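A look at the structure
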Amino acid sequence: MAHITIQKRPHNEAVVTQRKFFKKTARGKVIKIIRERYLRDDIYCGVIGCRLCTDGTTAVLPASGDTTHRDFPSGHYILPDTNIFLTQMDLFESTQFTFPIILLQTVMEEVRHRSLPLYNRLKALVKSDDKQVWVFYNEFRHETAIIREENESPNDRNDRSIREGAKWYNSHVQLARPPIRGQKPPKAPQVVLLTEDAGNREKALSANIPCMSIRKYVEGTKNPAQLLDLLAAAGSEEIEPTKATGARTVLYAEHLPNTALLAGVNAGQLHQGHFNANPYNYLEGTVPVPAFTKPVLLVGRENMNRAVHGDIVAVEVFPESEWKSPGDEVVDAESTLKNDDVESGDEIDENDTLVQARESRVTRESAQTPVEKQPTGRVVGIIKRSWRAYVCHIDASSLTSASTSSLSLQTIFASPVSRLLPRIRIRTRQAPSLVGQKILVAPDRWDRTSRYPDGHFVRALGKVESKEAEQESLLLEFDVPYRPFGKAILDCLPVEGDAWIVPPRSDGGLVWRDREDLRDLIVCSIDPPGCQDIDDALHARQLPNGNIEAGVHIADVSHFVHPDTPMDTEAASRGTTVYLADKRVDMLPSLLGTNLCSLRAGVERLAFSVIWELTEDANIVNVRFTKSVISSKAAFEYSEAQMRLDDSTLTDSLTISIRLLNALAKKLKAKRMAAGALDLASPEVRINLASPESSDPLVTPPMPSDASDPKGKEKGETIGVMQKALLATNSLVEEFMLLANISVAMRINEAFPQTAVLRRHMAPPKTNFEKLQDMLMKRKGFTLDVSDSGALAASLDKCVDPETPAFNTLVRIMATRCMTSAEYFCAGSVSRDTFRHYGLAIHRSSWYTSDVLAHRQLAASIAHTPLHPSLHSKAHVERIMDVLNRRHRMAQMAGRASVEFYVGLALRERGEMVAKTGKVGGVVEEAFVIRTFRNGLGVFVFELGLEGLVMFKQDVRFDAENYTVTLPSQTGGGEVTIALFDKVKVRIDVEKDKNTQRGRVKMTLVSPVDSSGL
């Protein structure tokens, strides 16, 4: 029998290995929790070839460190503390910053607790192939593990842990290079602690730990100029103050601390919500809060109190006697502040007076309209900033030196592409070379004494209007992940690559387990032109009993994307594939998206099928769900399938299948409409690129007859702008995808009532429609009933102007803008009475046709594949839903912005071509007036799906009550009155701002009056 010796651990060692803390339960009881920590002495240091450590196969730190720094010629590694990573992540992510980094476990955990987005960026930095980052688990190494001392704060404990780690590393690196008899002692590289905490630096230096601030460290690098620009403004106390950062007048009230904000919100004295900037008036914003049916209005820079679009803020609502109505004037920040001095001091200059006068006038005029008053208040604190890196242009007028050879440090303005954001003040040595480029800028802080936030330059994207720079800036502006797929993700793909095929059924194997063979079915796909990722297909056939079998077959992505793998994690992070006018940003590697999971014609593919038996009246007899193998017989574009529907001479099986589907789709849609579904509209245009690689697009709208070729298109034309045509086949596909989503939603909600992944559309607040209701009643005499979706649908059908067929579509577009957005949700997280999809008039829906999670839940519900444990966690599903909703919103906005960019390019080229004929430049198009302002009109150009402003510099007569603007006539004297919903003609020009080099659409009235002189 083996001899067993039990040794008691010394008390002093137990203190180090045990972690004790107190936790308050949901019922208010305080309990003590003790967690055991097992300490080791074999945790690798990460230095390649270290003699003292074992198992260094994954080491990444070079043996001699980095020898290029001025202060460390013998080599060094850097060990940043937590705050350095929290404030200077852009520096570490830069391709120019290649120094070896030691990342302590203490630092990584503290970053995770302080900021999850930064923690994710830090994890990506560790995995990056072009970085040398080693994560050292100092909390589990015997020599570096410490405990919190009595009366020591958690922050001081972590600082001491970081110093202990740096101290151990320096001694460890020295011990790994023992002296050799007869030779000079070897010089070991140093481990340099980087911290902005002066007290921490002092303690480190007293312990003989090499230590310095991040700015001092960067100044000692080989080429510091560009790296210095990447330093965040926060914590830069070593920079000499400029006039802008020196003593000056306080402009804003101090923000309350978070504890006071949360206490105020809980007590009902303050209200929490997202700050939304006004795109027409930079001096106004709103904050929707649950306590009021209308959002809280913020009027004036002081009341917005440094809030930036998207921030979560706390607002104080004024007494009702101080409530105001939104302004009715377009107030443009660029024109009002264009002469503002970036280095303005504390004295009140002429421009300050002008801005204050304009703001006072806006406030005064808002109070003059009593009929539309709404809750008004001020921001008293920022609960959570939504700041990230923004795409900007340099304002050339803010440069003090335009010499390209000048490396002097300049403070300049960076103007964001989004007009919802304020200008950002940055300090850079590269200012002259950045003029005319799109750049990435990150805001760092916004002091009470500054009209603008301070930030730092991140990187240049390229020349303005170059195709590459515009594409990348668009993706960055809408936070679309577009990095190439890494090796770990690509390793999840089938090893056969493009050669992968569905194995023969006779071979058996896992592929065919519980999978139906549907290869003989007459299946086809119907998609937009040029579609490569064909993820759905359909079939229909007559059954012997007189009923119809119809099926929707979705590519079985879940067969290739397994839970809890690098590919699954990346897909969950990206959320969706983003479709731009000239490219697609895939959620999954192209091997899956456009090949193995694309239901191409004539190729056997894995699918997940929903198959119904329906009566001729489109009533469901039964439905079944199955994994399957299909072989699509044809891949149609919408127009090709439509031709088959319309051609009565075609009687082949494919055409019969499409006609059966279309007949059922019409009846399915009729039932939805009868139940109160909405038939809404959106301004969609399609971009046709004759040469996707071309950067010189032209526009397709017909030129004057004397300047165009017989086909109405200019020679050399490479881009076409046209409205999307909606055919019967569009509705066919939409109805069956919707039917599939409904059927799957019912099944997975029944199987997993707490974690089913569903999709809903909340009924919009009735107050959202008040403005539109007033407009329609006063201008057209129409009543808009918004009591429910059915009443709204009936009202919209009656909004018809016989003389203007497009008017009904315009009203539907405006009604769509009053809606809330559809969203993903976890079934167990919301009340069941909120499951309904308002716009589609259905009780519940999923997104089975596009969602991997729904596929996994459906597979589990039919006992095909066990559900991964993570999908039993409501909290986990909720986190994924939040990401999906945000990614889908951003993808939609990116797609629209991409179309707008190409429309702008096409307009510019068209205008230049018209000018060459000797005529007045610009493109003349018909437009509808959709908003009226004291100094302008908001118009919508149907043909281009483009919305813009017609501005008046002279005073005009404005009737806010009746939505009219009266202008002096240019011919024969008199006046012309233009009202909301009137059809006008506008000249559209694309002009380039001389300071920012940014192109902007300028619209001028041509008819009924020429506003060029106004």
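Residues numbered from 1 in each chain as written. Predicted model: local features only at pLDDT ≥ 70, side-chain atom pairs only at ≥ 80, totals over all residues. Heavy atoms only, no water.

**Focus: the nonpolar core**
As a reminder of what qualifies: Residues belong to a common nonpolar core when they are buried Ala, Val, Leu, Ile, Met, Phe, Trp, Tyr or Cys residues joined through side-chain atoms within 4.5 Å. Burial classification: accessible surface area is computed with a 1.4 Å probe over protein chains only, and a residue below 20% of its type maximum counts as buried, one above 50% as exposed, and the rest as partly exposed. Put simply, DSSP H or I for four residues or longer makes a helix, DSSP E for two residues or longer makes a strand, and each gets a number counted from the N terminus.
One finds Leu79, Phe85, Phe97, Ile102, Tyr169 and Tyr217 to be the most contacted residues of the largest nonpolar core, which totals 57 residues. With five residues, helix 6 (residues 154-175) is the largest single contributor of residues to this core. By size, the runner-up hydrophobic cluster in this structure holds 42 residues, among which are Met737, Val744, Ala756 and Ala827.

**With respect to the packing of aromatic side chains**
Pairs of aromatic rings are described using the distance from one ring centre to the other and the angle between the two planes. This is how the line gets drawn: Side-chain rings of Phe, Tyr and Trp (the six-membered ring for Trp) are treated as a pair once their centres are within 6.5 Å; stacked means planes under 30 degrees apart, edge-to-face means over 60, and tilted covers the remaining angles. Only Lys NZ and Arg CZ are tested; either one counts as a charge over a ring when it is within 6 Å of the ring centre and within 35 degrees of the ring normal.
One pass over the full model with this rule turns up 20 aromatic pairs. Ring centres of Phe901 and Tyr902 lie 5.3 Å apart, and the angle between their planes is 75°; this geometry places the pair in the edge-to-face category. Cluster of aromatic residues (ring-pair linked, three or more members): Phe85, Phe92, Phe97, Phe99 and Tyr217. Here Arg423 stacks its cationic end above the ring of Phe413, 4.2 Å away from the centre of that ring. The side chain of Arg574 reaches across the aromatic face of Phe485, ending 4.1 Å from its centre.

**Some points on the pattern of salt bridges**
A side chain of one charge can pair with a side chain of the opposite charge when the charged atoms of the two come close. For clarity, the threshold we go by: By definition, a salt bridge exists where a carboxyl oxygen of Asp or Glu is found within 4 Å of a side-chain nitrogen of Lys or Arg.
Scanning the entire structure with this criterion turns up 44 salt bridges. Between Asp479 and Arg887 there is a salt bridge, with the nearest N and O atoms lying 3.8 Å from each other. With Asp479 in the loop between helix 15 (467-477) and helix 16 (487-490) and Arg887 in helix 26 (residues 874-916), this residue pair connects regions lying 408 residues apart in the sequence. We classify Asp479 as partly exposed; its relative accessible area is 27%. When salt bridges with common partners are traced through the structure, they connect Arg425, Arg445, Asp447 and Asp454 into a single cluster.

**Some points on the packing of helix 4 (residues 105-114) against helix 6**
Selection criterion: Fitted lines through C-alpha atoms give the axes, limited to the stretch in contact for helices. The angle between two N-to-C directions lies from 0 to 180 degrees. Should any heavy atoms of two residues lie within 4.5 Å, those residues are counted as being in contact.
Relative to each other, helix 4 and helix 6 sit at 145°, their axes nearing to 9 Å. Facing Thr106, Val107 and Glu110 of helix 4, the residues of helix 6 in contact are Asn155, Arg157, Asn158, Ser161 and Ile162.

**A word on helix 15**
An α-helical turn contains 3.6 residues, so a residue and the one three or four places further along point in the same direction. The buried count for helix 15 comes to ten of eleven residues, which makes it a mostly enclosed element. Buried within helix 15 we find Lys467, Ala469, Glu470, Gln471, Glu472, Ser473, Leu474, Leu475, Leu476 and Glu477. In this fold, the buried residues of helix 15 make contact with strand 14 (390-394), strand 17 (437-445), strand 18 (454-463), strand 24 (584-585) and helix 26. In the segment just after helix 15, Asp479 is the residue with positive phi, at about 55°.

**Describing the sheet that holds strand 11 (residues 296-299)**
As a reminder of what qualifies: A pair of strands counts as paired when DSSP detects no fewer than two bridges linking them.
Reading across the sheet, the three strands line up as 9-10-11 and stay open at both edges, with antiparallel pairing between neighbours. Since the sheet does not close on itself, it has two edges, and those belong to strand 9 (276-277) and strand 11, each with one partner. For strand 9 and strand 10 (residues 284-287), the ladder comprises two bridges, and the chain directions are antiparallel. Bridging across to strand 10, Ala277 finds its partner in Gly285.

**Considering the sheet that holds strand 15 (residues 410-416)**
Adjacent strands of a sheet pair through backbone hydrogen bonds, lying either parallel or antiparallel. Read once around its circumference, the closed barrel built from five strands follows the order 14-15-16-18-17, with strand pairing classed as mixed. Shown here is a sheet whose adjacent strand axes are inclined to one another by a mean of 50°, direction ignored.

**A closer look at the side chain of Asn305**
Mapped onto the elements of the fold, Asn305 is located in the loop between helix 11 (301-304) and strand 12 (312-317). Residue Asn305 is classed as buried on the basis of its relative accessible area of 1%. If we ignore the near neighbours within four places in the chain, the residues touching Asn305 are Tyr252, Ala253, His255 and Val379.

**What about the pairing of strand 21 (residues 536-542)?**
With five of seven residues buried, strand 21 is to be regarded as a mostly interior element. In this sheet, strand 22 (residues 548-555) lies alongside strand 21 in antiparallel orientation, the contact comprising seven bridges. From the neighbouring strand, His539 faces strand 22, where its bridge partner is Gly551. Here strand 21 folds back onto strand 22 in antiparallel fashion, the turn holding five residues, of which Gly546 has a positive phi close to 95°.

**Details of the environment of Gln272**
Its place among the elements puts Gln272 in strand 8 (residues 271-274). Of the residues examined, Gln272 reaches a relative accessible area of 35% and is grouped as partly exposed. In this structure, the C-alpha to C-alpha distance between Gln272 and Pro288, residues 16 residues apart in sequence, is 8.4 Å. Apart from the residues within four sequence positions on either side, Gln272 is in contact with Val265, Pro288, Val289, Pro290, Ile312, Val313 and Ile383.

**Considerations on the environment of Lys798**
Summarising the element assignment, Lys798 is placed in helix 23 (residues 789-798). Along the backbone, Lys798 and Leu784 are 14 residues apart, and their C-alpha atoms lie at a distance of 9.1 Å.

**Some points on the packing of helix 19 (residues 638-646) against helix 20 (residues 653-674)**
Two quantities define a packed helix pair, namely the angle between the helix axes and the distance between the axes. Note the cut-off: We call two directions roughly parallel when the angle between them is under 35 degrees, roughly antiparallel when it is over 145, roughly perpendicular when it lies between 65 and 115, and oblique otherwise. Side-chain classes are defined by residue name, with Ala, Val, Leu, Ile, Met, Phe, Trp, Tyr, Cys and Pro counting as nonpolar, Asp, Glu, Lys and Arg as charged, and the others, Gly among them, as polar.
For the pair helix 19 and helix 20, the least separation of the axes is 9 Å and the interaxial angle reads 90°. With respect to each other, helix 19 and helix 20 are oriented roughly perpendicular. Taking contact as the criterion, the partners of Ala641, Arg644 and Leu645 in helix 19 are, on helix 20, Leu654, Thr655, Ile658, Arg659 and Asn662. Looking at side-chain class alone, the contact of helix 19 with helix 20 contains four nonpolar, two polar and two charged residues.

**Let's talk about the environment of Ala665**
When you line up the elements, Ala665 lands in helix 20. Along the primary structure Ala665 and Leu739 are separated by 74 residues, whereas in three dimensions their C-alpha atoms are 9.5 Å apart. If near-sequence neighbours (up to four positions away) are discounted, Ala665 is found in contact with Ser731, Leu732, Glu735 and Phe736.

**Concerning the confidence of the model for the protein chain**
Spelled out, the test is: The pLDDT score gives, residue by residue, the confidence of the prediction method on a 0 to 100 scale.
Summing up the model confidence of the protein chain, the mean pLDDT is 85 and the portion of residues at 70 or higher is 88%. Throughout residues 235-246 the model reports pLDDT below 50, and contacts reaching past four residues in sequence, or to other chains, amount to 27 contacts. Counted against residues more than four places away or in other chains, residues 691-717, with its pLDDT under 50, gives 51 contacts.

**Notes on unusual backbone geometry**
Note the cis peptide between Ser1007 and Pro1008, where omega equals 15°. Residue placement: Pro1008 occurs in the segment after strand 39 (999-1007). Its identity is not glycine, yet Asn208 carries a phi of approximately 60°, on the positive side. Position of Asn208 relative to the elements: it lies in the loop between helix 7 (198-206) and strand 7 (211-212). Overall, the relative accessible area of 69% leaves Asn208 in the exposed class. Its identity as a non-glycine residue notwithstanding, Tyr963 has a phi of 60°, on the positive side. Residue placement: Tyr963 occurs in the loop between strand 35 (957-959) and strand 36 (964-968).

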